[in-house]
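One-letter residues, chain by chain:
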Amino acid sequence: MNLRQDANQIIKESINRVLPDEAVRRVLMGSDLFGKKSGRIYLVAVGKAAWQMAAAASCRKLGYEPVLLTDQLSCEAREAGSFLAAIAKTHCGTTKNLAFIAGGETVVHLEGSGKGGRNQELALSAAPGLAGMENAALFSIGSDGTDGPTDAAGGYVDGSTKGCLAKKGMDIYQILEDNNAYEALKACDGLIMTGPTGTNVNDVAVLLLSAASVAETESLRATQAQDSRSTESA
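Parameters at a glance
- Residues numbered from 1 in each chain as written.
- Predicted model: local features only at pLDDT ≥ 70, side-chain atom pairs only at ≥ 80, totals over all residues.
- Heavy atoms only, no water.
- Helix = DSSP H or I, 4+ residues; strand = E, 2+ residues; numbered from the N terminus.
- Buried < 20%, exposed > 50% of the residue type's maximum accessible area, 1.4 Å probe, protein only.
- Contact = heavy atoms within 4.5 Å.
- Polar contact = N/O pair within 3.5 Å; in protein donor to acceptor, adjacent residues only side chain to side chain.
- Pairing = 2+ DSSP bridges.
- Core = buried A, V, L, I, M, F, W, Y, C linked by side-chain atoms within 4.5 Å.
- Expected span 1.5 Å × (residues − 1).
- 1 Å grid on protein atoms, 1.4 Å probe; cavity = no way out; pocket = protein on both sides within 12 Å on 5 of 7 lines; lining within 4 Å.
- Points joined across faces, edges and corners; volume = space filled by probe spheres on them.
- Nonpolar A, V, L, I, M, F, W, Y, C, P; charged D, E, K, R; others polar.
- Phe/Tyr/Trp six-rings, centres within 6.5 Å; stacked < 30°, edge-to-face > 60°.
- Lys NZ or Arg CZ within 6 Å of the ring centre and 35° of its normal.

Describing the overall build of the chain
Then, number 1: For the chain, the helix and strand inventory stands at nine helices and eight strands.
Then, number 2: Out of the 234 residues in the chain, the part that is buried amounts to 51%.
Then, number 3: Taking the intrachain contacts of the chain between residues at least 6 apart in sequence as the baseline, contacts between residues at least 24 apart amount to 84%.

Side note on the side chain of S125
Then, number 1: Relative to the helices and strands, S125 is located in helix 5 (residues 118–130).
Then, number 2: For S125, a relative accessible area of 7% translates into the label buried.
Then, number 3: Polar side-chain contacts of S125 include one of 3.4 Å to the backbone oxygen of R78.
Then, number 4: A distance of 2.7 Å separates the side chain of S125 from the backbone oxygen of L122, its partner in a polar contact.
Then, number 5: Once residues lying within four places of it in the same chain are set aside, the contact partners of S125 are A77, R78, G81, S82 and L176.

Quick word on the pairing of strand 4 (residues 98–104)
Then, number 1: Counting buried positions along strand 4 gives seven out of seven residues, so the element sits mostly inside the fold.
Then, number 2: The side-chain alternation of strand 4 yields two buried faces, one formed by L98, F100, A102 and G104 and the other by A99, I101 and G103.
Then, number 3: With six bridges joining them, strand 3 (residues 65–73) and strand 4 adopt parallel strand pairing. Looking at the pairing, L73 lines up with G104 of strand 4.

Observations regarding the nonpolar core
One recurring pattern in soluble globular proteins is that nonpolar side chains are buried together.
Then, number 1: The biggest cluster of nonpolar side chains holds 35 residues, and the ones touching the most others in it are L124, L130, L138 and V157.
Then, number 2: Sequence-distant contacts of L130, that is, excluding residues within four places in its chain, are made with A85, A88, A136, A137, L138, V157, D158 and G159.

Brief notes about helix 5
Each α-helix turn comprises 3.6 residues. Residues three or four places apart therefore point the same way.
Then, number 1: An ideal rise of 1.5 Å per residue puts 18 Å on 13 residues; helix 5 measures up with 19 Å between its terminal C-alpha atoms.
Then, number 2: Counted residue by residue, helix 5 has 12 buried out of 13 residues, so it is predominantly covered.
Then, number 3: The set of residues buried in helix 5 consists of N119, Q120, E121, L122, A123, L124, S125, A126, A127, P128, G129 and L130.
Then, number 4: Among the residues trailing helix 5, G132 stands out with phi positive, at a value near 85°.

With respect to the layout of surface pockets
Then, number 1: In this structure, the largest pocket encloses a volume near 300 Å³.
Then, number 2: Contributing to the lining of the largest pocket are 23 residues, with G116, G117, R118, G148 and P149 lying nearest its centre.
Then, number 3: Of the residues forming the lining of the largest pocket, the biggest block, three residues, is contributed by helix 5.
Then, number 4: Classifying every residue of the lining of the largest pocket gives three nonpolar, 13 polar and seven charged.

Some thoughts on the pairing of strand 5 (residues 137–142)
Then, number 1: Most of strand 5 is tucked away, with six of its six residues classed as buried.
Then, number 2: A two-sided burial pattern is seen for strand 5, the buried positions comprising A137, F139 and I141 on one face and L138, S140 and G142 on the other.
Then, number 3: In this structure, strand 5 lies alongside strand 6 (residues 154–158), joined through five bridges in antiparallel fashion. The residue of strand 6 that forms the bridge with A137 is D158.
Then, number 4: As judged from the three bridges shared by strand 5 and strand 8 (residues 203–209), these two strands associate in the antiparallel manner. Its bridge partner lying in strand 8, G142 is registered against D203.

Focus on the packing of aromatic side chains
Two measures describe an aromatic ring pair: the distance that separates the ring centres and the angle between the ring planes.
Then, number 1: Going through the model one piece at a time under the given rule, you end up with zero aromatic pairs.
Then, number 2: Here the guanidinium or amino end of R4 rests over the ring plane of Y156, the centre of that ring lying 3.9 Å away.
Then, number 3: The ring of Y182 carries K115 above its face, with NZ or CZ at 4.2 Å from the centroid.

Description of unusual backbone geometry
Then, number 1: Although it is not a glycine, N179 adopts a positive phi angle of roughly 50°.
Then, number 2: Take N179: it is sitting in the loop between helix 7 (172–177) and helix 8 (181–187).
Then, number 3: A positive phi angle is found at D189, which is not glycine, with a value near 60°.
Then, number 4: Within the fold, D189 resides in the loop between helix 8 and strand 7 (191–192).

Next comes the structure, spelled out in structure tokens:
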């Protein structure tokens, strides 16, 4: 199962359902928004009921059981990302494919001089929690196709993102302090590029969690337990 391709399809189909412009629809339906890297869990953040239902229908079409978390997401982007990563950890041993959907608009308090947007920051903030999870990925996007003052619609991360950035000498926590999610996601092929869509429905989030094998679940639980012990002794 190539979940990154699934995420690409879900984004295109859900946006297509709410776009007023047929020309934009044709462009999106013919584009590859991500690339060819595969993952196992995906998270999307959207706002209004119409888009949430569109996302749910797209997930169901691909074999995921959708679960609506909220349509009133309005906390800090970093908090939302961490919380969604926690949900991924809790359900890592699922025996079926799940799609957790949350909607609304998060906020970012600018403290640094970097480049990014709330969806990119939400996604990047989930990366530490997803680190090492072979069945985890998360993306967050804005319906208008432009997240903050950037040309990206949002961001995507998975269990390999933190390690990828570490190899490039990039620390996620420092990046978030500088509000520079765009450059970090760009470095690990995590920017979602739809182009301007001509609509503004808010942000969308879908967490796709694929069924994990017993071995994968046991390995992840062991890693989580080790991380917890390391934190307590620090």
